[in-house]
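# Structural description and commentary
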Amino acid sequence: MIRKVNLADAFASFSDHWSPKVAGDINDTQVKLVKFDGKFDWHHHEQEDELFLVVRGRMRMGLHTGDIDVGEGEFIIVPKGVEHCPEALGGECHVLLLEPKSILNTGNVITEKTVRNPDRL
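Residues numbered from 1 in each chain as written. Predicted model: local features only at pLDDT ≥ 70, side-chain atom pairs only at ≥ 80, totals over all residues. Heavy atoms only, no water.

### Things to note about empty space enclosed by the protein
The condition is simple: Every definition here rests on a 1 Å grid over the protein atoms only: cavities are sets of points where a 1.4 Å probe fits but cannot get out, pockets are open sets enclosed by protein on both sides within 12 Å along at least five of seven lines, and lining residues have some atom within 4 Å of a point. Grid points are joined across faces, edges and corners, and a volume is the space filled by probe spheres set on the points. Secondary structure elements follow DSSP: runs of H or I of four or more residues count as helices, runs of E of two or more count as strands, with numbering from the N terminus. Only Asp, Glu, Lys and Arg are considered charged, only Ala, Val, Leu, Ile, Met, Phe, Trp, Tyr, Cys and Pro nonpolar, and every remaining residue, Gly among them, polar.
One pass over the full model with this rule turns up two cavities of 30 Å³ or more. There is about 130 Å³ of room inside the largest cavity. The wall of the largest cavity is formed by 13 residues, among which F36, F40, F52, L97 and N105 lie closest to the centre. If you list the elements that add at least two residues to the lining of the largest cavity, you get β2 (29-36), β3 (50-63) and β6 (84-100). Counting residues per element, the lining of the largest cavity draws most heavily on β6, which supplies four residues. Its residues assigned to classes, the lining of the largest cavity comprises eight nonpolar, three polar and two charged.

Shown next as structure tokens:
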């Protein structure tokens, strides 16, 4: 079934933070929506690259090589194996993720923020 997704409506449909929601599937990849608030955990993904597209707000991608701030309409790709730590700047941040279905949001660490089976929108 083909459907369109309105990002504003999709983000308005949930309020929890750091809990990605699946908005769509493209082959072995998923489009996920997530709300950031505060700082996440340092982690990396052994086998998967991740794309973070900021839809609303600002985020900082913490990297050992130097942090990168990402604003609305901008994205960053974190290659597999690179340790990183996302953080919302100045309040809640809405982010679209493009990543393989196999990915665990906390990568190589398991914390209270780990989401094994993300909800679908």
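### Considerations on the state of the cysteines
Keep this limit in mind: Disulfide: a pair of cysteine sulfur atoms within 2.5 Å of each other.
Evaluation of the coordinates by the stated rule reveals zero disulfides. Cysteine C85 shares no disulfide, and the gap to the nearest cysteine sulfur, in C93, comes to 13 Å.

### Looking at the environment of H45
Applicable threshold: Exposed residues in this analysis have more than 50% of their type's maximum accessible area, buried residues have under 20%, and partly exposed residues fall in between, with area computed by a 1.4 Å probe over protein chains only. Contacts were defined at the residue level, with two residues in contact if any of their heavy atoms lie within 4.5 Å. Polar contacts, as counted here, are pairs of nitrogen or oxygen atoms within 3.5 Å of one another; within protein the pair requires one atom able to donate a hydrogen and one able to accept it, and residues that are adjacent in sequence qualify only if both atoms are side-chain atoms.
For H45, the location among the structural elements is in the loop between β2 and β3. A relative accessible area of 3% means that H45 is categorised as buried. A C-alpha to C-alpha distance of 7.7 Å links H45 and E83, two positions 38 residues apart in sequence. Other than its neighbours up to four places away in sequence, H45 contacts E50, K80, G81, H84, I103, L104, N105, T106 and G107. At 3.4 Å, the side chain of H45 forms a polar contact with the backbone oxygen of L104.

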